[in-house]
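Examining the three-dimensional arrangement
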Amino acid sequence: MSLKHQYLGFTNSTSLLKSETSSYFTIFNFEELTKNTIHPENIEINIRENEVLGKRVEHFFEYCITISKRFDILAKNIQVFDDKITIGELDFIVKDLQQNKVLHIELVCKFYVYDTTLGDGLERWTGPNRKDSLLQKVKKLTLKQFPLLYKKETKPILENLHLDSSKIDQQVCFISYLFIPFILKNDTFPFINNKCIVGFWIKSNAFTIEEYGGSQFYLPQKKDWISNPKYCTTWLSFEEILPQIQSSLSQKKSPLLWMKENEDSFIRFFVVWW
């Protein structure tokens, strides 16, 4: 997939938490930022071929901010040190020209699956490999990333930028791609923006030729996960894709699959190893 398609996928993303429902932090209005962005045919972003998805998303967000008429970037990826030891990083310091205020924005892009065996509510949103969760990320933002702005180690960095931490508003740009159990694919879920639900997930033993033998598949690299499957030009049969899936599962990695049912129908889903 091309950089253009990755960028288009990013700009079509949706905020996971809405300002009116979030009690954790203020939500950056991502949708307002991206609705006026330049068509992806015209993007000018230099990204190395081996750049991971998280860094690509940072580049895309920076580009959107840069071409906007509302914001100016004052600083980005600010490393904060305590005696040469990194204690954290501030993602973006941005000037909101419309409201004449300075923002500290933390950027988050996450993929979560909904597991009914894990507690209640937001506790059920976990990473596809169960290495992280929505609440873990919220806790990290609340207890580590946002408080970093007020650390004594951060003060001289802000002074060099002629900024005062007490006059900086903090917001999170939390975009996410959510996958729900196949049997719940017609349900809605509380506390989150249901527009973030882009697919479903199944256990490995449910991926059978009886259920999926009539479709075509592609296993995208992680850097392409945010892209829309409709732009994919390489499709494999069930028999051809199965060894790739089995290889991922054997490494305890839950593969994300794109499925083509017909020329106008494309589906995203995880096959989980657990």
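Above this note sits the structure.
So, a few notes on the structure that sits alongside this text. (Residues numbered from 1 in each chain as written. Predicted model: local features only at pLDDT ≥ 70, side-chain atom pairs only at ≥ 80, totals over all residues. Heavy atoms only, no water.)

1. Some points on the overall build of the chain
The line we're drawing: Starting at the N terminus, helices and strands are each numbered in turn, a helix being any DSSP run of H or I of at least four residues and a strand any DSSP run of E of at least two. C-alpha atoms define the radius of gyration in this analysis, and the globule rule sets the expected value at 2.2 Å times the number of residues to the power 0.38. Each residue's exposure class comes from its accessible area (1.4 Å probe, protein chains only) as a fraction of the maximum for that residue type: buried when under 20%, exposed when over 50%, partly exposed otherwise. Whether two residues are in contact is decided by their heavy atoms: any pair within 4.5 Å suffices. Here the accessible surface of atoms and residues is derived via Shrake-Rupley with a 1.4 Å probe, and residues count as covered only by protein chains that are part of the display. In this count, Lys and Arg are taken as positive residues and Asp and Glu as negative ones, while His and the chain termini are left out. By convention, charge coordinates are those of NZ in Lys, CZ in Arg, CG in Asp, or CD in Glu.
Along the backbone of the chain there are 7 helices and 10 strands. Relative to the compact-globule value of 19 Å for 274 residues, the chain shows a C-alpha radius of gyration of 20 Å, a close match. Burial status across the chain gives 49% buried among its 274 residues. A separation of at least 24 residues holds for 60% of the contacts in the chain among residues at least 6 apart in sequence. Accessible area for the chain stands at about 14400 Å²; split by element, carbon and sulfur atoms hold 47% of it. Counting 34 positive and 33 negative side-chain charges, the chain places the averaged centre of each group 3 Å from the other.

2. As for the side chain of Gln171
Tracing the chain through its elements places Gln171 in strand S6 (residues 168–181). Overall, the relative accessible area of 14% leaves Gln171 in the buried class. Beyond its immediate stretch of four places on either side in the chain, Gln171 contacts Thr26, Ile27, Phe28, Leu103, His104, Ile105, Glu106 and Phe146.

3. Things to note about the packing of aromatic side chains
To keep things clear, this is the line we draw: Each Phe, Tyr or Trp ring, with Trp reduced to its six-membered ring, pairs with another whose centre is within 6.5 Å; inter-plane angles below 30 degrees give stacked pairs, above 60 give edge-to-face pairs, and intermediate values give tilted ones. Charge-over-ring placement is defined geometrically: NZ (Lys) or CZ (Arg) within 6 Å of the ring centre, and within 35 degrees of the ring normal.
In total, this model carries 26 aromatic pairs according to the counting rule given. Pairing Trp125 with Phe189 gives two aromatic rings, centres 5.8 Å apart and planes at 70°, and the pair type is edge-to-face. One end of the pair, Trp125, is in strand S5 (residues 125–126); the other, Phe189, is in the loop between S6 and strand S7 (197–203), with 64 residues separating them in the sequence. The two residues Trp125 and Phe189 agree in class, both being buried. Taken together, the ring pairs connect Phe182, Phe200, Phe207, Tyr212, Phe217, Phe238 and Phe269 into an aromatic cluster. Positioned over the ring face of Trp274 is Arg130, at 4.1 Å from the centre of the ring.

4. Some details on the pairing of strand S2 (residues 71–82)
The line we're drawing: We call two strands paired when DSSP finds no fewer than two bridges between them.
In this sheet, strand S3 (residues 85–96) lies alongside S2 in antiparallel orientation, the contact comprising 10 bridges. When the bridges of S3 are listed, Asp72 appears paired with Lys95. Hairpin geometry of S2 and S3 is characterised by an intervening segment of 2 residues between the two adjacent antiparallel strands and by a positive phi of about 55° at Asp83.

The values are spatial; any link to function lies outside them.
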